[in-house]
Amino acid sequence: MPTQTKLLMKNRSYKCLALAFGIAVLNACSSSESAENKTSEKRVKKTVSVKFGTVTLQKVGQHIQLPGEFLAFQEVNIYPKADGFVEKVLVDRGSPVRKGQVLMVLEAPETEEQLVAARSNYLKAKAMLVASQEHYKRLKASAGIRGSVSALDLESANAKMMSDSAAAMGEQANFGALTTIKSYLIVRAPFDGVITERNVHPGALVGSGVRLQGPMLMLQQQNRLRLVVDVPETYSVALKQGKEVTFTINAMPGKQFKGKISRRSGNMNQKFRSETVEIDVANAGREIKPGMYAEVVFAPEGTQGSLTVPSSSVVTSTEGQYVIKVVDGKTEFVEIRKGMQEDDLTEVFGALREGDKVVTNPRDDMKNGTTIDIMKNDESSQ
């Protein structure tokens, strides 16, 4: 009996040891498996899957449509240069004229009389000058014989000649001035154009001292027009002289015209914060009238020195604006400054180059040096 009891106790001890050993082995296996799982999880966490876009030189901007107004290329209000009465009006509203063509004839009888008197005085002074010159020449020739002409007589003759010369020049200037005034009585066209306004008729008194309701005539050059547009400050920076534009005319629906920016004012209107630009428009057929309105469309023009990235790649935080560039499979934060924006593209200025890859779905937990796994882009993210 004692021997059997001892055997039973030994068997039980062996079983307990085997059980304890098995439990220890199971615990060791489970702990190794959990360690491996944690290691793999850490590896997964270190690698982040993202989408990316490409830095390009594509122009960014909006097609802007602005109102414009047509003005005559040249326009002048014709006022009288001399006092007189209207004798003839040779043109009327709508008359086409050529440069130098006579438009009106004025009459001023007193001017004619003054001109005749001035001419007479000039001829008289000229005759006296000729006589003085001949007398001085004879005395000077005689002065060659000693004692025949005194020095005082020679000097007096020279002084008389100089005085008559000055008088003749004065009368000539007066005659020339009255001749010019008489020429003002003939009103001529200063350039080719069309008479658009007439406010006087034969018999009317005109002149600097006469109060008129308006100019005698108004002349416009209409075979070439100026299309004037005020461009807001935001868009004027990108505009360039010679840039092509398209425009439509409200009074001519269905027609589209093209032109180029011919001139820029170069300053901002203080009231409206805009810059005035002009577009020369050929109008040989005079279909377009000065005063008509147009809608001018300006195509986008990229800002010089800018690059373009997808708008979703730009991150704005309290620390500033930046994009996340991908370099050798790792992230690199690049500070940028935004420019113009259109749809899903944005102009940026920063340490980027054409062809660089940037993250288009940035995450808050991304940091410099994060290893990423670049996902295949769909068409919308490119």
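Just so you know, the residues in each chain are numbered from 1, in the order the chain's sequence is written. Given that this is a predicted model, residues contribute local features only at a pLDDT of at least 70 and side-chain atom pairs are listed and counted only at 80 or more, while totals for whole chains, interfaces and linings are drawn from all residues. Hydrogens and waters are ignored; side-chain quantities use all the structure's heavy atoms.

An unreviewed UniProt entry lists the protein chain under the name Efflux RND transporter periplasmic adaptor subunit, from Dyadobacter luticola. UniProt positions are given in the numbering used here, feature names are shortened, and annotations may be inferred rather than shown by experiment. Annotation of the protein chain in UniProt includes, under Sequence similarities (unreviewed entry), the sentence "Belongs to the membrane fusion protein (MFP) (TC 8.A.1) family."

(A) Seen up close, the overall build of the protein chain. For the purposes of this entry, the term helix denotes a DSSP run of H or I that reaches at least four residues, the term strand denotes a run of E that reaches at least two, and both are numbered from the N terminus. When helices and strands are tallied, the protein chain shows four helices and 21 strands. Only protein chains enter the accessibility calculation, which uses a 1.4 Å probe; a residue whose area is less than 20% of its type maximum is buried, one above 50% is exposed, and one in between is partly exposed. Of all 382 residues assigned to the protein chain, the portion counted as buried reaches 33%. Any two residues having at least one pair of non-hydrogen atoms within 4.5 Å are treated as being in contact. Look at the contacts in the protein chain between residues 6 or more apart in sequence, and 75% of them connect residues 24 or more apart. With residues, only the protein chains shown are counted as cover, and all accessible areas are computed by Shrake-Rupley using a 1.4 Å probe. When the accessible surface of the protein chain is split by element, carbon and sulfur atoms take 53% of a total near 24500 Å².

(B) Layout of the pairing of strand 4 (residues 84–89). Two elements, strand 4 and strand 9 (residues 205–206), share two bridges in a ladder whose sense is antiparallel. From the neighbouring strand, G84 faces strand 9, where its bridge partner is V206. When DSSP locates at least two bridges between a pair of strands, those strands are taken to pair. Pairing of strand 4 with strand 6 (residues 102–107), which is carried by four bridges, proceeds in the antiparallel orientation. Bridged to K88 within strand 6 is V105.

(C) Representation of the pattern of salt bridges. Each reported salt bridge corresponds to a side-chain nitrogen of Lys or Arg within 4 Å of a carboxyl oxygen of Asp or Glu. Summed over all chains, the structure comprises 11 salt bridges. With its nearest N and O atoms 2.3 Å apart, the salt bridge here joins D280 to R263. Within this pair, whereas D280 is found in strand 13 (residues 274–282), its partner R263 is found in strand 12 (residues 257–264), the two being separated by 17 residues in sequence. If you follow the salt bridges from partner to partner, you end up with R224, R226, R263, E278 and D280 in one network.

(D) Region of the structure containing the sheet that holds strand 6. Pairing is antiparallel in the open sheet, where four strands are placed in the order 7-6-4-9. Each having just a single partner strand, strand 7 (186–188) and strand 9 make up the two edges of the open sheet. Where strand 6 meets strand 7, three bridges bridge the pair, whose relative direction is antiparallel. For V105, the partnering residue across the bridge sits in strand 7 and is I186.

(E) Inspection of the nonpolar core at higher detail. In this text, buried Ala, Val, Leu, Ile, Met, Phe, Trp, Tyr and Cys residues form a nonpolar core when linked through side-chain atoms within 4.5 Å. One finds F70, L227 and F298 to be the most contacted residues of the largest nonpolar core, which totals 21 residues. Those elements giving two or more residues to this core turn out to be strand 3 (64–78), strand 10 (217–232), strand 11 (244–249), strand 13 and strand 14 (293–298). Here this core takes four residues from strand 10, the largest share from any one element. Each residue touching L227, except ones within four places of it in the same chain, is listed here: G68, E69, F70, F247, V277, E278, I279, V281, A294 and V296. Listed in part, the 20 residues of the second largest apolar core include A82, V97, F191 and I195.

(F) Structural context of the packing of helix 2 (residues 109–142) against helix 3 (residues 151–183). Where helix 2 meets helix 3, the axes come as close as 8 Å, and the angle between the chain directions of the two elements is 160 degrees. Classified by the angle between their axes, helix 2 and helix 3 sit roughly antiparallel to one another. Pair helix 2 / helix 3 crosses with left-handed handedness. Three categories are distinguished: nonpolar for Ala, Val, Leu, Ile, Met, Phe, Trp, Tyr, Cys and Pro, charged for Asp, Glu, Lys and Arg, and polar for the others, with Gly belonging to the last. Here the contact of helix 2 with helix 3 is built from residues that sort into 16 nonpolar, 11 polar and nine charged. All axes here are fitted lines through C-alpha atoms, helices being fitted over the stretch that makes contact, and every angle between N-to-C directions spans 0 to 180 degrees. Throughout this description, any angle smaller than 35 degrees is read as roughly parallel, any larger than 145 degrees as roughly antiparallel, any in the 65 to 115 degree range as roughly perpendicular, and the remainder as oblique. Rotating anticlockwise by less than a right angle from the far helix to the near helix defines a left-handed crossing, while the corresponding clockwise rotation defines a right-handed one.

(G) Local environment of helix 3. By this rule, a helix spans an expected 1.5 Å times one less than how many residues it contains. The terminal C-alpha atoms of helix 3 lie 48 Å apart, and with 33 residues this matches the ideal 48 Å at 1.5 Å per residue to within 8%. Every buried residue of helix 3 is accounted for by A157, M161, D164, A168 and L178.

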